[in-house]
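# Notes for the structure review
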Amino acid sequence: MRISHSRRALAVATATSLALTALGSVAGSAADEPESTPVPIVTPDGALFSYVVNTEHTSARETALAIKAVHRADGVAVQAWPQIGVVVAHSANGSFREDVLAADRTGVVASVGATRTVSPTEGTPGADSPSGAMKSKSVTGQAKKDTTGWTVDEPAGTAVVPDPGEVTQWDMEMIKADQSLEINPGSSDVVVGVLDSGIDASHPDLETQVDADQSVNCTDGGRPDMSATGWLPTTSDHGTHVAGTIAAAQNGVGIVGVAPGVKMASVKVVNDDGFIYPEYAICGFIWAGMNRMDVTNNSYYIDPFMYWCEDQPDQLAAKEAVRRAVDFSTKRGVVHAAAAGNAATDLANNTADASSPNDSTPVQRVINSGCEDIPAELDGVVTVSSLTQATNLSSFSNRGLGKIDVSAPGSAILSTELDGTWDLKSGTSMASPHVAGVLALMKSAHPRWSPARLEAEVRAQADDHECTTTTAGPACVGEPAENSFYGDGIADALDAVTP
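All of the points below concern the structure found in this document. (Residues numbered from 1 in each chain as written. Predicted model: local features only at pLDDT ≥ 70, side-chain atom pairs only at ≥ 80, totals over all residues. Heavy atoms only, no water.)

## Some details on the sheet that holds strand β8 (residues 263-268)
Strand order in the open sheet formed by 8 strands is β7-β6-β8-β5-β9-β11-β15-β16, and the pairing between neighbours is mixed. Across the chains shown, the open sheet's two edge strands, defined by having one partner strand only, are β7 (223-225) and β16 (406-409). Here the strands of the sheet are splayed against their neighbours by 30° on average, with no regard to which way each runs. Looking at chain direction, strand β6 (residues 216-220) and β7 are connected through 2 bridges and run antiparallel. Within β7, the position partnered with D220 by the bridge is R223. (Pairing = 2+ DSSP bridges. Helix = DSSP H or I, 4+ residues; strand = E, 2+ residues; numbered from the N terminus. Axes fitted to C-alpha atoms, helices over the stretch in contact; angles between N-to-C directions.)

## Some words on helix α9 (residues 313-331)
Residues three or four positions apart in an α-helix share a direction because the helix packs 3.6 residues into each turn. The first and last C-alpha atoms of α9 sit 27 Å apart over 19 residues, in line with the 27 Å expected at 1.5 Å per residue. Burial runs high along α9: 14 of the 19 residues are buried. (Expected span 1.5 Å × (residues − 1). Buried < 20%, exposed > 50% of the residue type's maximum accessible area, 1.4 Å probe, protein only.)

## Here's the deal with the packing of aromatic side chains
Throughout the structure, instances matching the rule amount to 4 aromatic pairs. Arranged with centres 5.1 Å apart and planes meeting at 75°, the rings of F305 and W308 form a pair that is edge-to-face. Since its relative accessible area comes to 1%, W308 is described here as buried. Every member of this aromatic cluster is reached through a ring pair, and the members are F275, Y277 and Y280. Sitting over the face of the ring of Y277, R116 holds its NZ or CZ atom 4.2 Å from the ring centroid. (Phe/Tyr/Trp six-rings, centres within 6.5 Å; stacked < 30°, edge-to-face > 60°. Lys NZ or Arg CZ within 6 Å of the ring centre and 35° of its normal.)

## Considerations on the packing of helix α10 (residues 428-445) against helix α11 (residues 451-460)
Running from N to C, α10 and α11 cross one another at 115°; their axes reach a closest spacing of 10 Å. The chirality of how α10 crosses α11 is right-handed. Where α10 approaches α11, its residues V435, V438, L439, M442 and K443 are matched on the opposing element by L454, E457 and V458. Within the contact of α10 with α11, the residues separate by chemical class into 6 nonpolar, no polar and 2 charged. (Left-handed = near helix turned anticlockwise from the far one by under 90°. Contact = heavy atoms within 4.5 Å. Nonpolar A, V, L, I, M, F, W, Y, C, P; charged D, E, K, R; others polar.)

## Quick look at the pattern of salt bridges
Counting across every chain of the model gives 18 salt bridges. For K319, the salt bridge identified is with E372, shortest N-O distance 2.7 Å. Separated by 53 residues along the polypeptide, K319 in helix α9 and E372 in strand β14 (residues 371-372) bring together distant segments of the chain. Here K319 matches E372 in class, with each residue buried. Ionic contacts of the salt-bridge type, sharing partners, join the residues E320, R323, R324 and D327 into one network. (Salt bridge = Lys/Arg side-chain N within 4 Å of Asp/Glu carboxyl O.)

Structure follows, in structure tokens:
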């Protein structure tokens, strides 16, 4: 990767809270930037809330001490990740954040933050205390996420009868996956973790492609659920569509994915209300790392904030926990692809957000360079913009010079659907799995390459594309070699497998 890439420099605004002071400042903050608009997460006594507690160092000892502080503060440790020094906790104690810091007798707690603005609908999994097992009355008012934001343009339920083979898949031609198939369809030793809403493993194009043993459900409070059916889809077809683009079987039925020779693991991080909270994503990334998967696809942003701001204590603590989880999995050999987002926003010059928090009442926020879309803007993540069949930037796609790594098809993409069907969807959610598939092919051809090498090569091999016009959002800036629409270019599956 090129360290000059602008999003590699972390900007952190000045903060005065105890939690922020404990975590420490990061060089590179812009002193002349405005503070982001505060979004206080109110946690009244008696209402159950979910938190992350981050330790100063990633050790089993400090994690165990943090758990003791959680208990002293009337909390329940739902899940501990000593690998990254993070404890996911639930508590109905309204002053839990302050009380954890006060109960930290050895000074191991770096930060504490609420992960959502409402009570967890799932309650506290496996809790044996009245406060832990409760579901707050406020749960009845929980919002349901408008998941239409994940996909755009195509009307829901568009019925498509696919042409067996790949004759209708213009997207595969654009990234040269139709040619790469003739050289290397991918290795069955390579596993792509699909962090999403679950994969329908009974689909004829997917039934041979999913590794059930590596699949998991992370939506039970962020604790891994390895039950036989927990990772299957319940309320959303999103993960199934994404999976088909990555690795639908080359079997004479339906469509063919970018890398039909690889395997996929369903890592369910989307709950039945459509939310991907930090603790779910943390579980997903840690699971991918523990199982030494090769690639993850992340066609989402983490709720309830479209942009997580580092000068806000709750948001900073949650963002730090997710960052640690991504780093852990990267160090364990996993490379990550992520959707850039569908707000037609220039991520390099973004100063406002009116969509967050999306699980309660959104507010108009001023944001600064310390406010980022996660996981897309985290280090070690290949950020993907969306293209139309004419190779123009999709009108909905986010963009940004130094923010987009590569581009891929994302408008009107044909892929697998629930109940054994196929359908069209649009969104950067549909672009990212193309790149995840290319990374899987690259890993198949070069099994010893590290995540950093894979990230660098997928950008280097991308086909340069000059700036074009768009029907929505800021105009393109930059040169063919790198610009705000295409990043380093259009992902190239053929180069990924060519010696």
